[in-house]
Structures are given as C-alpha cells and as structure tokens.
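Structure assessment
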Amino acid sequence: MIGLISATAAGAAARDRLAAAWPDRTRVYEGPVGDAVRTAFAQCEQLVCFLATGAVVRLVAPLLSGKTEDPGVVCVDEGGRFAVSLLGGHAGGGNELAREVGDLLGAEPVVTTATDAVDLAGLDTLGLPVEGDVAGVSRALLDGEAVALRAEVAWPLPPLPVTDQGSYTIRVTDRLVAAAAGEVVLRPPTLVVGVGASKGAPVEEVLGLVEGALREAGLSVASVAELATVDAKAEEPGIVEAARRLGVPLVTYSAGELAGVDVPNPSDAPLAAVGTPSVAEAAALVGGGELLVPKRKSAASPAMATCAVVRRPGRGRLAVVGLGPGARDLLTPRAKAELRRASVLVGLDQYVDQIRDLLRPGTRILESGLGAEEERARTAVEEARKGQAVALIGSGDAGVYAMASPALAEASDDIDVVGVPGVTAALAAGAILGAPLGHDHVSISLSDLHTPWEVIERRVRAAAEADIVVTFYNPRSRGRDWQLPKALSILAEHRTPRTPVGVVRNASRPDESSRLTTLGSLDPATVDMMTVVTVGNTATRDIAGRMVTPRGYRWQAGQEGAE
C-alpha cells in the first residue's frame with residue numbers, strides 16, 4: 001500500500017489525482033502532517049509526501065530502521081515539478097515509484113542512487129535474495145574495477161559490466177554458501193520442493209523436514225521457488241502453512257499428472273491413498289529438472305511427511321523487439337524496457353546503431369550485416385538456451401518481414417519467447433499519407449530472394465482482383481528493377497490510372513520524403529528499397545492532398561454519383 005500525505009490545497013489536488021489513478025494501491029492519510037507520516041510509515045510499504053524534502057526528512061528521521069526495512073518515500077513539490085526519491089530507492093522501491101509518480105503527474109523524477117545515475121542495474125534490485133558485500137561490489141562496478149561473474153546455475157540476469165576474473169565477485173548460486181570478502185551472492189529461485197504428508201501432519205514436521213533436507217544437501221532455502229504436492233493435499237494445513245512460512249507458492253497437480261512422472265522411488269502407500277505411486281518426487285519432477293534430494297521421510301515416528309528436491313534452472317528469455325520505422329518517439333516504452341533488460345543484444349549493425357545509447361553498461365552486442373538474418377536468429381536462440389536474457393531486434397514490427405519468423409522457427413519450448421510489437425513501415429507511411437489503410441489492405445514484399453516470383457505474382461493478382469489496398473515492401477533495388485513495374489501493371493488491369501498511389505521514403509526519419517501520385521503517373525525508377533509504395537483500391541480518393549480509403553461504401557457511392 002502507498003500512503004499519501006499532503007499539507008496544502010495544491011498538494012491535496014495532486015494527491016487526489018494519484019488516489020483516483022491508483023485506487024487499489026493508495027490510502028490517503030488526513031489530519032496533522034506529523035501524525036499522518038508516522039502512521040503511514042508504520043502501515044505502508046511506500047509513501048508519497050506532497051511536502052518539502054526538508055520537512056519529510058525531519059519527520060521520518062526518528063522512524064528509520066535500516067535500508068532493507070524502511071519504506072520507499074517520494075516527495076513531490078508544491079508545483080508538481082519534481083518527484084524526488086528520498087528514501088528506500090532500491091529496497092523500498094522508491095526510485096521506481098518516483099518514475100511512476102512522475103509519469104502520472106507530469107513531474108520530473110529525481111533519482112540520486114549511484115547505480116541509477118549511471119544506468120547500472122542495482123544488485124539489490126534484481127528481484128533475487130542477495131547477500132554479502134553489496135555496497136563494495138556495487139562501488140567496484142561504478143568505479144570500473146574488474147568484477148567477476150560466477151554463475152553456478154543459469155539465470156537470465158540483466159546486463160552487468162562483469163568479467164571472467166576480478167578482485168570482486170558476483171556469485172549466482174543456490175548452494176548454502178557464505179559470501180566471501182568482496183563477494184555478493186545472488187540466490188535465484190531454482191529449487192522445487194515436492195512434499196507429501198499424512199492427514200494432520202504438523203507444520204513443524206513438514207517444515208523441519210524441508211529445511212533439514214536442504215541444509216544436509218548444501219542448498220539454500222532462499223532459492224526455493226515453490227512447494228509442490230498432489231491436489232488432494234492442496235488444503236492440508238501443515239503443507240499450506242509450511243509454504244506460507246517459507247514465503248513461496250504452493251503448486252498442486254492431479255494424481256493422474258503425477259502418476260505419469262517417472263520417479264526412482266515409487267511406493268504403494270501413496271498409490272492407495274491418493275492415486276499416484278509418488279507424491280514428493282513426482283511433484284518436484286513434473287516440470288523437469290535434476291533430482292538433488294530423492295524422497296526422504298521425516299524423523300518422527302510414525303513419519304507423517306516426505307519431501308524431495310529438484311533443481312530447475314532458470315529458462316533463457318528471448319525478446320523479439322520491433323524498433324519501429326526509425327524515429328525515437330515511435331519506439332514503444334515496452335521495446336525500451338526490453339532493450340534495457342537484455343544482457344545480450346542481437347541485431348543488424350545499422351539497427352544496433354539506432355538504439356545503442358539506450359543499452360545498459362555490460363550489454364553484450366552481437367551485430368552483423370545485411371543478409372545474415374538466419375544466422376542472427378540462430379545466434380539469439382543459442383544465447384537464450386544458455387540461460388541469457390536476449391533481445392533480437394528488427395525494424396518496424398519484428399513480426400512483419402523481420403526477425404520474429406526465423407527466430408521462432410529456430411526456437412523450441414526450452415526457452416521463453418516474448419514478442420514486442422513495433423510500428424510497421426506500412427503504418428508509418430499510412431499516417432504520413434493520410435488514411436490509405438482505412439479499409440481492407442494487404443502487404444506484399446516484392447523481394448524474390450526468399451519467395452519465387454510466381455508466388456508473389458499470384459498474390460498480387462489476388463489482391464488486384466479482390467480490390468484490396470496494397471502496400472509494397474522491398475519494391476525495387478539495383479538488382480531487382482522489373483518487379484515493381486510488373487506488379488503495377490497487374491493492378492492496372494483492375495484499377496484506373498487515376499487510382500491514388502502513395503510513395504514514402506524513410507518514413508519518420510530525418511530525411512523522410514513523401515508524395516501522392518497516381519497509378520498511371522508513378523515512375524518506378526524513383527523508388528528504392530527504403531521506400532514503401534501504397535496503391536489504393538477503387539474507393540481510395542485524393543482529398544485535400546491526402547490519400548483516403550473510406551471505411552464504408554455509402555461515401556463511395558456519393559462520390560461516384562458526383563462524377
């Protein structure tokens with residue numbers, strides 16, 4: 001919950017805007033400001049104070065406990081110009097809250113945390129339990145000292161400027177180890193604990209068995225991702241409470257699902273009780289992984305609980321990102337977020353140059369030239385299979401004549417794939433021309449490098465006969481100068497020479513150019529590979545210099561009658 005505190009009418013107005021925008025996230029604290037701050041500080045995970053920073057410093061100073069316990073506190077000035085992350089920037093989420101508040105109120109977020117100031121991912125903001133010399137290793141990263149990464153288990157981390165060797169170390173492990181001097185230990189949630197229990201098994205027995213099994217196997221309880229069991233035990237109090245105390249979800253599977261899992265230690269007892277020869281091992285193994293702790297029973301007599309532990313390493317992540325037509329303001333916020341999240345970027349060199357300044361320090365860039373699309377797709381998938389967070393970039397929308405198709409043809413279900421849409425060339429050109437895509441439309445690439453011309457021609461004829469607006473991608477290059485004239489001649493068999501045609505080159509870029517002509521007047525020699533050609537249908541009109549295809553046909557009938 002976010003506590004909202006204000007002292008003046010102007011502050012209350014901004015406060016109420018936040019409360020209206022986030023009704024389920026916020027709570028307004030009225031009354032004397034000092035009392036309101038103290039109450040909110042005790043009750044809320046975060047605070048937004050519409051007060052001077054000095055006043056908030058004096059009010060919260062007596063309440064501070066430590067950087068890992070204190071809430072995130074953001075101050076917004078009376079004029080609503082700045083949202084200052086004052087306290088709990090990382091652990092309390094104050095930095096991100098300042099950005100959110102800034103976006104909503106139109107204020108400038110002010111973040112002074114050292115790692116954020118130089119755009120480094122904070123080691124305590126990765127969403128993983130962290131131990132050791134966080135301050136020392138973070139300072140080494142900031143100072144450009146050599147920091148080694150020791151990843152004992154695969155996990156898709158964000159970019160970090162690390163090396164193979166160094167005086168400082170970031171260790172990624174689920175092992176029960178203590179951080180050495182100059183070391184930070186990150187504990188990814190790689191462990192799944194399968195549990196079984198007799199009816200009425202006490203939580204102390206279940207929890208003691210789990211913690212003991214992990215400890216004896218040299219595994220950290222901080223890396224437990226979930227407890228897993230059979231559906232019949234979904235409400236068993238001892239299991240439910242054990243999961244709650246561990247702070248992990250309880251995941252359940254049907255007896256049929258568990259019965260289909262091959263396990264080393266099946267038993268007749270659970271088969272008779274719940275319909276599967278294994279609960280603990282099968283529940284842990286149902287999602288795959290390495291069995292680290294085979295089924296074991298609790299020490300009580302009679303034993304009322306069993307458990308097994310499986311390591312399930314983090315899945316690599318491949319984000320296929322569309323960069324849009326080129327203008328920075330047409331790059332979507334989601335695309336920017338994925339570029340900053342990826343530790344490995346794969347792309348065409350000229351596209352990498354467009355967004356290089358957005359990448360975080362430590363991003364590994366794998367770039368190549370024209371004609372290496374399949375190689376880039378394979379590289380991106382291979383890197384994701386190593387457990388990396390990968391972004392594969394393409395212009396426009398990555399799924400339209402771009403990298404999504406070859407990448408997904410290479411990818412299997414052993415990695416996570418995220419598609420990030422972008423503004424396509426057809427849409428960018430359409431916005432410049434007017435509204436040529438107002439009714440049914442189709443995009444056709446005239447490049448016969450991957451598609452036989454016979455197939456392309458058949459598609460052009462189908463669009464011509466169906467009276468569909470056509471946008472031509474890859475219309476003409478130095479080595480392919482006859483395809484566009486041929487395609488236009490096919491359309492001319494079904495459309496008049498007065499049919500509007502829009503020609504846009506380098507849409508949204510500094511050297512953008514566009515013109516509106518007709519099917520009978522277009523000179524194909526003026527078109528190149530940086531151009532998009534949009535040919536209207538029989539309803540498309542030139543209205544005040546804009547290319548418009550009507551949504552319905554009553555308008556069209558009226559125009560035809562006027563002619």
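From a predicted model like this one, the values you see are computed outputs, not experimental measurements.

With five of its five residues buried, strand β17 (residues 344–348) lies for the most part within the structure. Here β17 runs beside strand β18 (residues 364–368); their pairing, made up of five bridges, is parallel. Within β18, the residue paired with Leu 345 across the bridge is Ile 365. The β-α-β motif built from β17, the intervening helix α13 (residues 349–355) and the parallel element β18 has right-handed crossover chirality. Inspection of the sheet shows β17 paired to strand β19 (residues 389–394) by three bridges, in the parallel sense.

Turning to the sheet that holds strand β2 (residues 26–28), a few remarks are in order. Judged by pairing direction, the sheet is mixed, and its six strands sit side by side in the order β2-β1-β3-β4-β5-β6 without closing on themselves. Two strands lie at the open edges of the sheet, namely β2 and β6 (108–110), each paired on one side alone. Geometrically, the sheet is characterised by an average inter-axis angle of 25° between neighbouring strands, direction not taken into account. Here strand β1 (residues 2–6) runs beside strand β3 (residues 46–50); their pairing, made up of five bridges, is parallel. Directly across from Ile 5, in β3, lies its bridge partner Cys 49. The strands touched by helix α1 (residues 9–21) within the sheet are β1, β2 and β3, with β1 carrying the most contacts at an inclination of about 160°. Strand contacts of helix α3 (residues 53–60): β3, β4 (72–76) and β5 (82–87), with the helix running at about 25° to β5, the strand carrying the most contacts.

For the rest of this paragraph, the subject is the pattern of salt bridges. Here the idea is simple: oppositely charged side chains can pair when their charged atoms come close. The tally for this structure, following the rule as stated, stands at 28 salt bridges. Across the pair Glu 96 and Arg 99 runs a salt bridge, and its minimum N-O distance is 3.7 Å. You can see Glu 96 and its partner Arg 99 sitting in helix α4 (residues 94–105), three residues apart, about one turn around the helix. Residues Asp 528 and Arg 505 are paired through a salt bridge, measuring 2.8 Å at the closest nitrogen-oxygen approach. Here Asp 528, found in the loop between β25 (513–518) and β26 (531–535), pairs with Arg 505, found in strand β24 (residues 500–505); they are 23 residues apart in sequence, far enough to count as distant. The exposure class assigned to Arg 505 is partly exposed, which follows from its relative accessible area of 29%.

Looking now at the packing of helix α7 (residues 203–216) against helix α8 (residues 237–246). Viewed as axis vectors pointing N to C, α7 and α8 meet at an angle of 50°, and their least axial separation amounts to 8 Å. With respect to each other, α7 and α8 are oriented oblique. Of the two possible hands of crossing, α7 and α8 adopt the one that is right-handed. Contact with α7, carried on its side by Val 203, Glu 204, Val 206, Leu 207, Val 210 and Glu 211, involves Gly 238, Ile 239, Glu 241, Ala 242, Arg 245 and Leu 246 of α8 and no other residues of that element.

Let's shift gears to the side chain of Ser 445. Relative to the assigned elements, Ser 445 resides in strand β22 (residues 441–445). Take Ser 445: its relative accessible area is 14%, and that puts it in the buried class. For Ser 445, the side chain forms a polar contact with the main-chain nitrogen of Ser 447, separated by 3.3 Å. Contact partners of Ser 445, with chain neighbours within four places excluded, come to Tyr 401, Ile 456, Tyr 473 and Asn 474.

In this description, a pair of aromatic rings is defined by centroid distance and the angle of the planes. A complete count under the given rule lists two aromatic pairs for this structure. Relative to Tyr 473, the ring of Tyr 401 lies with its centre 4.7 Å away and its plane at 50°, an arrangement referred to as tilted. Taken as a pair, Tyr 401 in the loop between β19 and α15 (404–410) and Tyr 473 in strand β23 (residues 469–473) lie far apart in primary sequence, 72 residues in all. The exposure class of Tyr 401 is partly exposed, given its relative accessible area of 45%. Owing to a relative accessible area of 11%, Tyr 473 belongs among the buried residues under this scheme. Ring centres of Trp 453 and Trp 482 lie 5.0 Å apart, and the angle between their planes is 70°; this geometry places the pair in the edge-to-face category. Pair noted here: Trp 453 is in helix α17 (residues 453–465) and Trp 482 is in the loop between β23 and α18 (483–492), with a separation of 29 residues, a long-range link. By relative accessible area, Trp 453 is classed as buried at 10%. Here the guanidinium or amino end of Arg 25 rests over the ring plane of Trp 22, the centre of that ring lying 4.4 Å away.

By the secondary structure assignment, Val 470 is in strand β23. In this structure, the C-alpha to C-alpha distance between Val 470 and Ser 443, residues 27 residues apart in sequence, is 5.8 Å. Residue contacts for Val 470: discarding those within four places in its chain leaves Val 442, Ile 444, Ala 463, Leu 491, Arg 495, Val 533, Thr 534 and Val 535.

Across the sheet, five strands lie side by side as β22-β23-β26-β24-β25; this open sheet has mixed pairing. Strand pairing shows two members of the sheet lacking a second neighbour, β22 and β25, which therefore form its edges. Averaged over all pairs of adjacent strands, the angle between their axes in this sheet comes to 20°, without regard to strand direction. Of the pairings in the sheet, the one linking β24 to β26 comprises five bridges and is antiparallel in character. Pairing of Val 503 across the sheet is with Val 533, part of β26. Lying on the sheet, α17 is in contact with β22 and β23; it crosses β22 at an angle near 160°. In the packing of α18 onto the sheet, the strands contacted are β23 and β26, and the crossing angle to β23 comes to about 175°.

Taken as a whole, helix α2 (residues 33–43) has its buried residues at Gly 34, Ala 36, Val 37, Ala 40 and Phe 41. Take α2 and look down its axis: the buried residues cluster within an arc of 160°, on one side only. Buried residues along α2 sit in contact with β1, β3, α3 and β5.

An α-helix turns once every 3.6 residues. As a result, residues three or four positions apart point the same way. With 14 residues, α7 ought to run about 20 Å at 1.5 Å a step, and its terminal C-alpha atoms sit 20 Å apart, in line with that. Among all positions of α7, only Val 203, Glu 205, Val 206, Leu 207, Leu 209, Val 210, Gly 212, Ala 213 and Leu 214 are buried. Against β11 (191–197), β12 (224–230), α8, β14 (290–297) and β15 (305–311) lie the buried residues of α7. Two residues or fewer after α7 comes Gly 218, characterised by a positive phi angle close to 70°.

Two elements in contact, α17 and α18, have axes whose closest approach is 9 Å; the angle formed by their N-to-C orientations is 30°. Between α17 and α18, the angle falls in the class roughly parallel. For the crossing formed where α17 meets α18, the hand is right-handed. Packed against α17, whose contacting residues are Trp 453, Glu 457, Val 460, Arg 461 and Ala 464, the element α18 presents Gln 483, Lys 486, Ala 487, Ile 490 and Leu 491 at the interface.

Rules used in this analysis
Along each chain, residues carry numbers from 1 onward, in the same order as the chain's sequence is written. Reporting in this predicted model follows two pLDDT cut-offs: at least 70 for local features of residues, and 80 or more for side-chain atom pairs to be given and counted; totals over whole chains, interfaces and linings ignore these cut-offs and use all residues. Excluded from the side-chain calculation are hydrogens and water; included are all heavy atoms of the structure. Remark: exposure states derive from per-residue accessible area (1.4 Å probe, protein chains only) relative to the maximum for the residue type, with buried under 20%, exposed over 50%, and partly exposed in between. A run of DSSP states H or I qualifies as a helix once it reaches four residues; a run of E qualifies as a strand once it reaches two. Both are numbered from the N-terminal end. Should DSSP find at least two bridges between two strands, the strands are taken to pair. A clockwise path from the first strand over the helix to the second, with the strands pointing away from the viewer, defines a right-handed crossover. Axis definition: a line fitted to C-alpha atoms, limited for helices to the stretch in contact. Angles are taken between N-to-C directions and run from 0 to 180 degrees. Contacts are assigned to residue pairs with any non-hydrogen atoms lying within 4.5 Å of each other. For this analysis, a salt bridge means a side-chain nitrogen from Lys or Arg found within 4 Å of a carboxyl oxygen belonging to Asp or Glu. Every angle not falling under 35 degrees, over 145, or within 65 to 115 is termed oblique; those three ranges are roughly parallel, roughly antiparallel and roughly perpendicular. We call a crossing left-handed when the near helix sits turned anticlockwise from the far one by less than a right angle, and right-handed when that turn is clockwise. Polar contact is the term for a pair of N or O atoms within 3.5 Å; when the atoms are in protein, one must be able to donate a hydrogen and the other to accept it, and sequence-neighboring residues count only if both atoms are side-chain atoms. Working definition: rings of Phe, Tyr and Trp (its six-membered ring) pair if their centres are within 6.5 Å, and the pair is stacked with planes under 30 degrees apart, edge-to-face with planes over 60 apart, and tilted otherwise. Note on criteria: charge over ring means Lys NZ or Arg CZ within 6 Å of the ring centre, with the direction from the centre no more than 35 degrees off the ring normal. Comment: arc refers to directions from the helix axis out to C-beta atoms. For a helix, the expected span equals 1.5 Å multiplied by the residue count minus one.

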